[in-house]
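Listed below are the residues making up each chain.
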Amino acid sequence: AASPVFQRYPLILEEPKLIAFIVDNFRLMAMGKINAHELEGVLEQELEAIRDEVRALLLQLHGVQWLIACLLYGGGLRVSECVALRVGDLAIDRGQIVVRGGKGNKDRVTLLPESALPALRPHLRRRSDVPSCFSCWRPASCTRRRQAHA
C-alpha cells in the first residue's frame, strides 16, 4: 500500500527534486543528525531561498516578460502552456486559469496570481483584437511542432 502522504499528494512523486529533498532528510533523520521537528524548519529555509531567487529574477524583468514569468511561477504553468494561453482561458473574476491540452493532453485549472492582475488587465486590453494572450511570444519551433501534429 502507498504511503498516506503520497496518496494525499500524488504529484510529489512527479517531482524528482522534491523526492530527493525528502529522501535526503529521511537519511539525516535515520542517522540521528536531524530530528523530525527540525525538518519543518529546514523545509521552510529551502522554500524561502527559492522565493528569494524568484523575487530577484522578477525584479530584473519588465513588461510582457515579467507578466509571463509571474504566470509561470504564480500559476504553476509550463512555458508551452503559458504561450498557448487564450484570453478565454483566463477567469479573472474567479482568479483561475484554464490550461487546455497540458501535460498528457489534459485540461486543468490553476490559480491566476493576484500579483499579475495589474499588468494582465492592460495587456489584455491592448490585445483585445486577438484571441491569444501571448501569440507573438510563441517560439517558431513551437509553432512548427503544433502545425506538424495538427
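Procedures and definitions
- In this numbering scheme, every chain counts its residues from 1 along its sequence in written order.
- For a predicted model such as this one, the threshold for reporting local features is a pLDDT of at least 70, and the threshold for listing and counting side-chain atom pairs is 80 or more; totals across whole chains, interfaces and linings nevertheless cover every residue.
- Here the side-chain values reflect all heavy atoms present in the structure, with hydrogen atoms and water set aside.
- Numbering of helices and strands runs from the N terminus, with a helix taken as a DSSP run of H or I at least four residues long and a strand as a DSSP run of E at least two residues long.
- Burial classes follow relative accessibility: with a 1.4 Å probe on protein chains only, a residue under 20% of its type's maximum area counts as buried, one over 50% as exposed, and anything between as partly exposed.
- Contacts are assigned to residue pairs that have any heavy atoms within 4.5 Å of one another.
- Note on areas: these come from Shrake-Rupley sampling with a 1.4 Å probe, and a residue is covered only by the protein chains present in the view.
- Pairing between two strands is assigned when DSSP locates at least 2 bridges connecting them.
- Axis geometry follows a simple rule: fit a line to the C-alpha atoms, using only the stretch in contact for helices, then measure angles between N-to-C directions, giving values from 0 to 180 degrees.
- The scheme is simple: roughly parallel for angles under 35 degrees, roughly antiparallel for over 145, roughly perpendicular for 65 to 115, oblique for anything else.
- Handedness of a crossing is defined here by the sense of rotation of the near helix relative to the far one, left-handed for an anticlockwise turn of less than a right angle and right-handed for a clockwise turn.
- In this count, Pro and Cys sit with the nonpolar residues alongside Ala, Val, Leu, Ile, Met, Phe, Trp and Tyr, while Asp, Glu, Lys and Arg are called charged and the others, Gly among them, polar.
- By salt bridge we mean one thing: a side-chain nitrogen of Lys or Arg within 4 Å of a carboxyl oxygen of Asp or Glu.
- Residue-level confidence of the predictor, termed pLDDT, takes values from 0 up to 100.

A.B. asks: Before we go on, may I ask you to explain the overall build of the protein in this structure?
C.D. replies: When helices and strands are counted, the protein shows seven helices and three strands. In the protein, the order of α-helices and β-strands from amino to carboxyl end is α-α-α-α-α-β-β-β-α-α. Buried positions account for 28% of the 150 residues belonging to the protein. Within the protein, contacts between residues separated by at least 24 positions form 43% of all contacts whose residues are at least 6 apart in sequence. Accessible surface computed for the protein: about 10,700 Å², of which carbon and sulfur atoms make up 58%.

A.B. asks: Please explain the sheet that holds strand β1 (residues 90-91) as it appears in this structure.
C.D. replies: Strand-to-strand pairing in sheets goes through backbone hydrogen bonds, with the strands running parallel or antiparallel. The three strands are arranged β1-β2-β3 in an open sheet whose pairing can be described as antiparallel. Taken across any chain shown, the strands that pair with only one partner, and hence form the sheet edges, are β1 and β3 (108-111). Bridge count between strand β2 (residues 96-99) and β3: four bridges; the pairing is antiparallel. Pairing of I97 across the sheet is with T110, part of β3.

A.B. asks: What's the story with the packing of helix α3 (residues 36-60) against helix α4 (residues 63-75) in this structure? I'm lost.
C.D. replies: Two elements in contact, α3 and α4, have axes separated by 10 Å at closest approach and are oriented at 160 degrees. Judged by the inter-axis angle, α3 sits roughly antiparallel to α4. Along this stretch, α3 crosses α4, giving a crossing that reads as left-handed. In contact with R51, V54 and L58 of α3, α4 contributes W66, A69, C70 and Y73. The residue inventory of the contact of α3 with α4, partitioned by class, reads six nonpolar, no polar and one charged.

A.B. asks: Can you walk me through the pattern of salt bridges in this structure?
C.D. replies: The final tally for this structure, using the stated rule, is seven salt bridges. Here R55 and D52 are joined by a salt bridge, their closest N and O atoms 2.7 Å apart. Here the residue R55 and the residue D52 both occupy positions in helix α3, the gap between them amounting to three residues, near one helical turn. Of the residues examined, R55 reaches a relative accessible area of 44% and is grouped as partly exposed.

A.B. asks: Hey, could you run me through the confidence of the model for the protein in this one?
C.D. replies: The predicted coordinates ought not to be read in detail in places where the model reports low pLDDT. Averaged over all residues, the pLDDT of the protein is 80; the fraction at 70 or higher stands at 81%. Within the protein, helix α7 (residues 140-149) has the poorest average pLDDT of any element, 50, and β2 the best, 92.

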